[in-house]
Amino acid sequence: GAVVSQHPSRVICKSGTSVKIECRSLDFQATTMFWYRQFPKKSLMLMATSNEGSKATYEQGVEKDKFLINHASLTLSTLTVTSAHPEDSSFYICSARPATSGARTDTQYFGPGTRLTVL
Amino acid sequence: TQLLEQSPQFLSIQEGENLTVYCNSSSVFSSLQWYRQEPGEGPVLLVTVVTGGEVKKLKRLTFQFGDARKDSSLHITAAQPGDTGLYLCAGNTGRRALTFGSGTRLQVQP
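What this report covers is the structure whose coordinates are included nearby. Each chain has its residues counted from 1, following the order in which its sequence is written. A letter from A marks each chain and a number from 1 marks each ligand, given out in the order of writing. In view of the model being predicted, local features appear only for residues whose pLDDT reaches at least 70, and side-chain atom pairs are presented and counted only at 80 or more, with totals across whole chains, interfaces and linings using the full set of residues. Excluded from the side-chain calculations are hydrogens and water; all other atoms, namely the structure's heavy atoms, are used.

Let us now look at the overall build of chain B. For chain B, the count of helices and strands is 0 helices and 11 strands. Radius of gyration here uses only the C-alpha atoms, and the compact-globule reference equals 2.2 Å multiplied by the residue count raised to the power 0.38. A compact globule built from 110 residues would reach a C-alpha radius of gyration of about 13 Å, and chain B, at 13 Å, matches this within 12%. In terms of overall dimensions, chain B has a C-alpha envelope of 40 × 30 × 20 Å along the principal axes. Buried positions account for 46% of the 110 residues belonging to chain B. Two residues form a contact once any of their heavy atoms are found within 4.5 Å. Taking as baseline every contact in chain B between residues at least 6 positions apart, the subset at least 24 positions apart corresponds to 54%. For chain B, the exposed area adds up to about 5000 Å²; of that, 47% sits on carbon and sulfur atoms. Helix and strand assignments come from DSSP, with helices taken as H or I runs of at least 4 residues and strands as E runs of at least 2, each series counted from the N terminus. Using a 1.4 Å probe on the protein chains alone, a residue whose accessible area is under 20% of its type maximum counts as buried, one over 50% counts as exposed, and one in between counts as partly exposed. We get accessible surface area from the Shrake-Rupley algorithm with a probe of 1.4 Å; when it comes to residues, only the shown protein chains can shield them.

The next thing to look at is the nonpolar core. Counting 24 residues, the largest nonpolar core has Trp35, Phe67, Leu79, Tyr92 and Leu116 of chain A as its most contacted members. Of all elements in the fold, only strand S2 (10–13), strand S3 (19–25), strand S4 (30–38), strand S5 (44–51), strand S7 (67–73), strand S8 (76–81), strand S9 (90–98) and strand S11 (114–118) of chain A reach the threshold of two or more residues within this core. Buried Ala, Val, Leu, Ile, Met, Phe, Trp, Tyr and Cys residues form a nonpolar core when they are joined through side-chain atoms within 4.5 Å. Counting residues in each nonpolar core, the second largest holds 21 residues, with Leu32, Trp34, Tyr87 and Val108 of chain B among its members.

Residue and element names in this part refer to chain B. Pairing between two strands requires that DSSP report at least two bridges joining them. Ordered by their spatial adjacency, 5 strands build an open sheet running S1-S3-S8-S7-S6, and the pairing between neighbours is antiparallel. Edge positions in the sheet fall to strand S1 (5–7) and strand S6 (55–58), since each has one partner strand and no second. Neighbour-to-neighbour, the strand axes of the sheet open up by a mean angle of 15 degrees, direction not taken into account. The angle between two axes is taken between their N-to-C directions and runs from 0 to 180 degrees, where each axis is a line fitted to C-alpha atoms and a helix contributes only its stretch in contact.

This paragraph deals with the pairing of strand S11 (residues 104–109) of chain B. Here is the key point about a regular strand: its side chains alternate between the two faces of the sheet. All names here are of chain B. Residues Thr104, Leu106 and Val108 of S11 are buried on one face, while the alternating residues Arg105, Gln107 and Gln109, pointing to the opposite face, are not. Here strand S2 (residues 10–14) runs beside S11; their pairing, made up of 5 bridges, is parallel. Paired with glutamine 14 across the bridge in S11 is glutamine 109. As defined by bridge partners, strand S9 (residues 85–92) adjoins S11 across 3 bridges and the pair is classed as antiparallel. Counterpart to glycine 85 in the pairing with S11 is leucine 106.

Turning to the interface of chain B and chain A, a few remarks are in order. Counting from both sides, the interface comprises 24 residues of chain B and, opposite them, 25 residues of chain A. The quantity reported as buried area is the accessible area (1.4 Å probe) lost by two parts once they are put together, taken as the sum for both. Buried area between chain B and chain A, summed over both chains or domains, comes out near 1800 Å², and the portion from carbon and sulfur atoms is 50%. The salt bridge criterion pairs a side-chain nitrogen of Lys or Arg with a carboxyl oxygen of Asp or Glu, the two atoms within 4 Å. Taken together, chain B and chain A are joined by 0 salt bridges. Within 3.5 Å is the distance limit for a polar contact, defined as a pair of N or O atoms, with the added protein rule that one can donate a hydrogen and the other accept it, and that residues adjacent in sequence qualify only through two side-chain atoms. Inspection of the region where chain B meets chain A yields 4 residue pairs in polar contact (both at pLDDT 80 or more). Where the side of chain B that touches chain A is concerned, the elements lending two or more residues are strand S4 (31–37), strand S5 (44–49), S9 and strand S10 (98–100) of chain B. Among the elements that make up the side of chain B that touches chain A, the one with the highest residue count is S4 of chain B (4 residues).

Aromatic contacts are taken between Phe, Tyr and Trp rings whose centres are within 6.5 Å, Trp giving its six-membered ring; a plane angle under 30 degrees counts as stacked, one over 60 as edge-to-face, and the others as tilted. Taken as a whole, this structure holds 8 aromatic pairs over all chains when the rule is applied. Residues phenylalanine 67 of chain A and tyrosine 92 of chain A carry aromatic rings whose centres are separated by 6.4 Å and whose planes lie at 45 degrees to one another, so their mutual orientation is tilted. Placement of phenylalanine 67 of chain A in strand S7 and of tyrosine 92 of chain A in strand S9 is noted, with a sequence separation of 25 residues between them. When the centroid spacing of 5.1 Å and the interplanar angle of 85 degrees are considered together, the rings of phenylalanine 110 of chain A and tyrosine 35 of chain B count as edge-to-face. Placement of phenylalanine 110 of chain A in strand S10 (residues 109–110) and of tyrosine 35 of chain B in strand S4 is noted, with the two residues assigned to different chains. The burial state of phenylalanine 110 of chain A is the same as that of tyrosine 35 of chain B; both residues are buried. Through successive ring pairs, a cluster of aromatic residues spans Tyr36 and Phe110 of chain A together with Tyr35 and Phe100 of chain B.

This part takes up the sheet that holds S3 of chain A. Residues and elements named next belong to chain A. The strand order across the open sheet built from 4 strands is S1-S3-S8-S7, with neighbouring strands paired in antiparallel fashion. In the strand order of this sheet, the two ends are held by strand S1 (4–7) and S7, each with one partner. Neighbour-to-neighbour, the strand axes of the sheet open up by a mean angle of 15 degrees, direction not taken into account. Two strands pair when backbone bridges link them, and S1 and S3 are joined in this way by 4 bridges, in the antiparallel orientation. Bridge pairing in S3 links valine 4 to serine 25.

In structure tokens:
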């Protein structure tokens, strides 16, 4: 089956520093990747849609200058949390949509998530 | 406003019992997916339903897509402790990003 990896799985950083999270599709190409944020015991909240070779599309209320997204290749997207603060602490999850996915089924495969803790 | 409402939000049952989780919306979806997520991990895709009225079975799990493609249900027969987790439905509205439901947290007691 399709595998998506995230790195790191867990990161603890000091307030004011920047943290980069990588999302890779290991055995398929993904023209579109998505970044989600999940609070404890809550559902996934879409942050942004990342398209290979173009600018990301951010959801309303998500600061694009704070959450920098780069989709440099068909298998890699990165999310950089800039000047992180304690309120940015969360579980960040990416998903990848195979380039061959049909428009109707829109299958996405999720990474294992990254737990960010900002002290 | 949550586009996809799931019910119940939380369910605690004994091993061997049956249960049904509902996913409802006023919007029409071209497809709908069900995921299960365990703590500290990403969601794992269980099934994708595409056709109105479609029923899919995955061992003890039965998924149904409403005739109008606005709602779906997940029925688990003879629940096992290994079924414990957060169940999420997600709909495809054609805007590429999935719209996730509010989630149902299931706990199966041995």
